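Commentary on secondary and tertiary structure
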Amino acid sequence: MVDNDKHFEYEIVRYLVLKQMSGYELLLRAVHEYIVYDANIRDLADRYGFDRDLIRSVKQRILQKAGGDLRLAKRTVARAVNEVIRYVPQYGVGRLHGLCKLCRMYIDNGYLADHFSKSHSGLINEYTEMILEIMRENNKNVKVVRQR
Ligand SMILES: [Zn+2]
């Protein structure tokens, strides 16, 4: 993998970590299906209860983070999303009133991700490194299985 790809990969994973921390696990699941499996956006919106525009805009953000490389975006999301959901706690809660469990503070829902970006960026970076490490380990294991 070239250095540029690594940079993009880091940016994508960091964005996924931020979303998960802010409490958007279901949105990550929807976007995962949308990007990796090209699932129908209308079905996703119905099933997960998100606006179609929101799902589309998250895909766009991820594509931007990938430097416009859809294949890289797909590959990274495919490898990262389940690990992010499994290992990164959701510190933001609630669709009506946002709450940051770390600060024990109520935050307007639309600003939850902003709050985590501003107040907890060190933690986001730590989780991002952790997820990238897990992804590297997963890669090694896949190679070992293939060699057998
Ligand atoms: Zn907080």
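The shown structure was predicted, so the numbers you read here are calculated from the model rather than taken from an experiment. Position numbers for residues count from 1 along each chain, tracking the sequence in the order it is written. Only residues with pLDDT of at least 70 are given local features in this predicted model, and only at 80 or more are side-chain atom pairs given and counted; all residues enter the totals for whole chains, interfaces and linings.

1. Looking at the overall build of the protein
A count of helical and extended segments in the protein gives 7 helices and 3 strands. Secondary structure is summarised from DSSP: a helix means a run of H or I of at least four residues, a strand means a run of E of at least two, and numbering begins at the N terminus for each. Ordered by position from N to C terminus, the α and β elements of the protein give α-α-α-α-α-β-β-β-α-α. Residues are called buried when their C-beta atom has 20 or more other C-beta atoms within 10 Å, exposed when it has 12 or fewer, and partly exposed otherwise; all C-beta atoms are positioned from the backbone. Out of the 148 residues in the protein, the part that is buried amounts to 31%.

2. What about helix H4 (residues 52–65)?
To estimate how far a helix should extend, the number of its residues minus one is multiplied by 1.5 Å. The terminal C-alpha atoms of H4 lie 20 Å apart, and with 14 residues this matches the ideal 20 Å at 1.5 Å per residue to within 8%. On its buried face, H4 is in contact with helix H1 (3–21), helix H2 (25–36), helix H3 (41–48) and helix H5 (70–87). Phi turns positive, to about 65°, at Gly67, one or two residues after H4. Here, residue contact means that the backbone-derived C-beta atoms of the two residues sit within 7 Å.

3. Brief notes about the sheet that holds strand S3 (residues 105–107)
The 3 strands lie next to each other as S1-S2-S3, forming an open sheet whose pairing is antiparallel. Every other strand in the sheet has two partners, leaving strand S1 (92–93) and S3 as the edge strands with one partner each. Pairing between strands is defined by DSSP: at least two bridges between them are needed. Pairing geometry for strand S2 (residues 98–100) and S3, over 3 bridges, is antiparallel. Of the residues in S3, the one forming a bridge with Cys100 is Met105.

4. Concerning the nonpolar core
The nonpolar side chains of a soluble globular protein tend to be buried with one another. Among the nonpolar cores identified, the biggest contains 32 residues, and Ile12, Leu16, Val17, Ile62 and Val84 are the most heavily contacted of them. At the level of secondary structure, the elements contributing two or more residues to this core comprise H1, H2, H4, H5, helix H6 (112–119) and helix H7 (121–147). Looking at this core, the element that brings in the most residues is H1, giving 8 residues. Residues contacting Leu16, with those up to four places away along its chain left out, are Leu28, Ala80, Val81 and Val84. Here a nonpolar core is just a set of buried residues of the types Ala, Val, Leu, Ile, Met, Phe, Trp, Tyr and Cys, joined wherever their C-beta atoms sit within 7 Å.

5. Considering the packing of H2 against H4
For the pair H2 and H4, the least separation of the axes is 10 Å and the interaxial angle reads 70°. The angle between H2 and H4 falls in the class roughly perpendicular. Side by side, H2 and H4 meet where Leu27, Ala30, Val31, Tyr34 and Ile35 of the first sit next to Ile55, Val58, Lys59 and Ile62 of the second. For this classification, the nonpolar set comprises Ala, Val, Leu, Ile, Met, Phe, Trp, Tyr, Cys and Pro, the charged set comprises Asp, Glu, Lys and Arg, and every other residue, Gly included, is treated as polar. Of the residues that constitute the contact of H2 with H4, the class distribution is 8 nonpolar, no polar and 1 charged. As a rule, the C-alpha atoms of each element are fitted with a line to give its axis, helices using only the stretch in contact, and angles between N-to-C directions run from 0 to 180 degrees. By the definition adopted for this analysis, an angle is roughly parallel if under 35 degrees, roughly antiparallel if over 145, roughly perpendicular if from 65 to 115, and oblique otherwise.

6. Brief notes about the environment of Glu25
In this structure, Glu25 sits in helix H2. Among the residues examined, Glu25 registers 16 C-beta atoms within 10 Å and is labelled partly exposed. For the pair Glu25 and Val145, spaced 120 residues apart in sequence, the C-alpha separation works out to 30 Å. Excluding its chain neighbours within four sequence positions, the residues that come into contact with Glu25 are Gln20, Ile85 and Gln90.

7. Focus on the packing of H1 against H4
Two numbers describe how H1 lies on H4: the axes approach to 8 Å, and their chain directions differ by 150°. Accordingly, the angle class assigned to the pair H1 and H4 is roughly antiparallel. Judged by residue contacts, Phe8, Glu11, Ile12 and Tyr15 of H1 engage Arg61, Ile62 and Lys65 from H4. Among the residues making up the contact of H1 with H4, the classes are represented as 4 nonpolar, no polar and 3 charged.

8. Quick word on the environment of Cys103
Here Cys103 is to be found in the loop between S2 and S3. On the basis of neighbour counts, which here come to 13 C-beta atoms within 10 Å, the residue Cys103 falls in the partly exposed class. In the structure, Cys103 is positioned 12 residues away from Tyr91 in sequence and 9.3 Å away in space, judged by C-alpha atoms.

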